[in-house]
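# Reading the structure
Listed here are the chains, written in short residue letters.
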Amino acid sequence: MMPFMQRHAPSRRQLLKGGAAAAALAAAPSVRARAGRLRSEPLRIAAIGAANRGAANVSGVLGAGARIVALADVDAGHLAAGAGQVAADGGAAPALFADWRRLLDAHEGALDGVVVSTADHTHFAVARAALARALPVYVEKPLAHTVAETRELRRLAAEAGVPTQMGTQIHATENYRRVVEAIRAGVIGDVQRVDIVCNKSWSDGRFGAPAEPPAQLDWDLWLGPAAARPYSSGVHPAHWRRFWDFGTGTVGDMACHWLDLVHWALELGAPTRVEVDGPEPDPVGTPPWMVARWTYARAGGGAPVEVAWFDGGKRPEDVELDHCHVWRGTRGRLVSTYGSLEVILDDPDEVWTPPEPTLAASPGHYVEWLDAIRDEAPGRPLCGFEYAAPLTEAVLLSTVAFRAGEAIDWDAEKGVGSAGEEFLSTPERDGWNV
C-alpha cells in the first residue's frame, strides 16, 4: 500500500522549510525572550472554544495564574458565558470573536499561548495556525481528528520548538504515578496483556432534516474545515462526537485518558497491529460498542504486549467494574481506575509492598504547560505533542480498522498500513488552511 497522502496544502503562514524556516523562527519571539518579559506578569492566553471542555480549560488556565485575554466561539451564547466566567475570576474583559482566525490575526504578537477546546474536527486547523505563529498550544484530547493530522501536528510542534500539551488531565494525578511505579517495579511480574473497560457510548449519529441554525450559532464557522452541509439538530453543542465527520465516538473521546497510562507505564511506541470487533460500520454514525486490540512490540524484544479496549457495555468475563484497567502479569493482576489501584497476586499468601515513589509530583496539568512557557520548568510538559501524537495515533487507528472492516498491520515509520488508507486523512475545505 502506498503511504497516505497528506491532503493539507501548505499555508501562507505555515513554517517554511530549511533556512527560511530558521529565519522565520528567529524573527518570532522566542520562548526564552517571552519568559524574560513575563516572569512577574500573568501569561496572556487565548481560548478557542468557551463551553463544556472549553469552560473547564478556561477555569484550569485561570486557576494556574494566567490571563484569558481573548475568547473565540462560534456560539454567541457560549461566548457570552465564557466572558462572564473570565469576569467572575476578576480578570479584565477578554476580546471576543466568533471566528478564531480573526482572533489570531488581531492578536498577532500579543499572545503567549492558545488553548484549543473545539470539536475534534477543528483541533488541527487551530493548532496548526498557532504553531505557525510560534505560539505554545494546549489542545484538548484527542489531539486531532485523523492519523494524518496527528502526525503533522507533531512535526509542526517540533519545528516551532514551543511548549505543547494535550488535555489528558488525569496524567497529572498521583494515582497514575503510583500505577506506573508498581508496573515498572514488576509487582505483578511481566505484563502480558492489559484490558481497558470504558462503559460509555457516544454512538449512532444521524443527520436530521435540514433546518435553520439557532440565531446564536454560526453554523458555517462551526463546520470549519469539514465539508459544507446543512444544519441539523442533534450535532451542536455536544453530540458531534457521534458523527465520523466531526468526532470519533467513545474510543476517540476516552481512550486518550485510559490508553495513556498503558503507554506511559510500559513505555510503548506505535502498535504493529490493530484489529477491532463491533457492529456493522455506518458511514455517518460511530458504533454503539467496540472491542479494539492493539499489539505492541517490546522495546527490548520478547513477546509482544496485547492491549484491549472494551466500550459500550462490553467487558471481559472476569471484570465487573465499569471503568478500569486490568493489567495481567506473570505473577498476578493489577486493577486501576483514575483514582485507585488494587493488586491481586496469584499466590494468596504473598503480600505486595508498594515500591518507593520515583516519579515527581506534577505541579498540575495546566501549570506544566504554563511553566514551560515561562521557562521555569526544567523539562517539557509530560503530554507534549511528541508524546501525545503517537498516543492519539494509536487510538485513531482503532477507528480506521473498524471503518475498514479489517485488521491493520501498521508501519509507523512509513505511516502506512495494510488497510484503511481512505480513513487516515480527510479533505480540508477551502479557506481553512491559514
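Residues numbered from 1 in each chain as written. Predicted model: local features only at pLDDT ≥ 70, side-chain atom pairs only at ≥ 80, totals over all residues. Heavy atoms only, no water.

### Describing the sheet that holds strand β12 (residues 332-336)
- The strand order across the open sheet built from nine strands is β13-β12-β11-β7-β10-β9-β8-β14-β15, with neighbouring strands paired in mixed fashion. Strands with a single pairing partner mark the edges of an open sheet, and in this sheet they are β13 (341-345) and β15 (416-417).
- By the bridge criterion, seven bridges tie strand β7 (residues 191-198) to strand β11 (residues 323-329) in an arrangement that is antiparallel. In the strand pairing of β11, Cys198 is matched with His323.
- Taken strand by strand, helix α10 (residues 249-266) contacts β7, β9 (290-296), β10 (305-311), β11 and β12, and its axis lies near 155° from that of β10. (Pairing = 2+ DSSP bridges. Helix = DSSP H or I, 4+ residues; strand = E, 2+ residues; numbered from the N terminus. Contact = heavy atoms within 4.5 Å. Axes fitted to C-alpha atoms, helices over the stretch in contact; angles between N-to-C directions.)

### Thoughts on unusual backbone geometry
- The omega torsion of the bond from Lys141 to Pro142 falls at -15°, within 30 degrees of zero and hence cis.
- Along the polypeptide, Pro142 turns up in the loop between β5 (137-140) and α7 (147-160).
- In this structure, Ala134 takes a positive phi of about 60° despite not being glycine.
- Structurally, Ala134 can be placed in the loop between α6 (120-132) and β5.

### Considering the nonpolar core
- Trp100, Trp222, Leu259, Val307, Trp309 and Trp327 are the most contacted members of the largest nonpolar core, which totals 99 residues.
- Once residues within four sequence positions are removed from consideration, Val307 is found in contact with Val194, Ile196, Leu259, Val262, Leu268, Ala292, Arg293, Trp294 and Tyr296.
- By size, the runner-up hydrophobic cluster in this structure holds 19 residues, among which are Ile45, Val61, Ile68 and Val86. (Core = buried A, V, L, I, M, F, W, Y, C linked by side-chain atoms within 4.5 Å. Buried < 20%, exposed > 50% of the residue type's maximum accessible area, 1.4 Å probe, protein only.)

### Here's the deal with the packing of α7 against helix α12 (residues 385-404)
- Following both chains from N to C, one finds α7 and α12 inclined at 170°, their axes separated by 8 Å at the closest point. Comparing the axis directions of α7 and α12 gives the class roughly antiparallel. Taking contact as the criterion, the partners of Val147, Thr150, Arg151, Leu153, Arg154 and Ala157 in α7 are, on α12, Phe385, Glu386, Ala389, Pro390, Thr392, Glu393, Leu396, Leu397 and Val400.
- Split by residue class, the contact of α7 with α12 holds nine nonpolar, two polar and four charged. (Parallel < 35°, antiparallel > 145°, perpendicular 65-115°, else oblique. Nonpolar A, V, L, I, M, F, W, Y, C, P; charged D, E, K, R; others polar.)

### Digging into the pattern of salt bridges
- According to the stated counting rule, one finds 29 salt bridges in the structure shown.
- For Asp99, the salt bridge identified is with Arg102, shortest N-O distance 3.3 Å.
- Salt bridges sharing partners connect three or more residues here, namely Asp99, Arg101, Arg102, Asp105, Glu108 and Arg133. (Salt bridge = Lys/Arg side-chain N within 4 Å of Asp/Glu carboxyl O.)

### Some words on the environment of Arg293
- With respect to the element layout, Arg293 can be found in strand β9.
- Overall, the relative accessible area of 28% leaves Arg293 in the partly exposed class.
- For the pair formed by Arg293 and Asp195, sequence separation is 98 residues and the distance between their alpha carbons is 9.1 Å.
- Not counting chain neighbours up to four residues away, the residues in contact with Arg293 comprise Arg273, Val274, Glu275, Asp277, Val307 and Ala308.
- Polar side-chain contacts of Arg293 include one of 2.8 Å to the side chain of Asp277. (Polar contact = N/O pair within 3.5 Å; in protein donor to acceptor, adjacent residues only side chain to side chain.)

### Considerations on the confidence of the model for the protein
- Mean pLDDT over the protein works out to 91, with 90% of the residues at or above the 70 mark.
- A low-confidence stretch, residues 1-35 (pLDDT under 50), is modelled with 73 contacts involving residues beyond four sequence positions or located in other chains. (pLDDT = per-residue confidence, 0-100.)

### A closer look at α10
- The first and last C-alpha atoms of α10 sit 26 Å apart over 18 residues, in line with the 26 Å expected at 1.5 Å per residue.
- Of all the bends in α10, the greatest, near 60°, is centred on Ala255.
- For α10, a buried count of 18 out of 18 residues is recorded, marking the element as mostly surrounded by other parts of the structure.
- Looking one or two residues beyond α10, the residue adopting positive phi is Glu267, at roughly 50°. (Expected span 1.5 Å × (residues − 1). Bend = angle between axes of the 7 residues up to and from the residue.)

### Thoughts on the sheet that holds strand β2 (residues 67-72)
- In spatial order, the strands read β3-β2-β1-β4-β5-β6; together these six strands make up an open sheet with parallel pairing. What marks the edges here is a single partner per strand, and that holds for β3 (95-97) and β6 (164-167). Across this sheet, the average inter-strand angle for adjacent strands is 20°, counted without regard to direction.
- Note: strand β1 (residues 44-48) against β2, five bridges, orientation parallel. From the neighbouring strand, Ala47 faces β2, where its bridge partner is Leu71.
- Across the face of the sheet, helix α11 (residues 365-374) comes into contact with β1, β4 (113-116), β5 and β6 while running at roughly 165° to β6.

### Points about empty space enclosed by the protein
- Within the structure shown, the criterion is met by two cavities of 30 Å³ or more.
- Its boundaries defined by the atoms lining it, the largest cavity holds a volume of some 40 Å³.
- Forming the boundary of the largest cavity are Trp202, Thr248, Gly249, Thr250, Val251, Thr286, Pro287, Met290 and Asp311.
- Counting residues per element, the lining of the largest cavity draws most heavily on α10, which supplies three residues. (1 Å grid on protein atoms, 1.4 Å probe; cavity = no way out; pocket = protein on both sides within 12 Å on 5 of 7 lines; lining within 4 Å. Points joined across faces, edges and corners; volume = space filled by probe spheres on them.)

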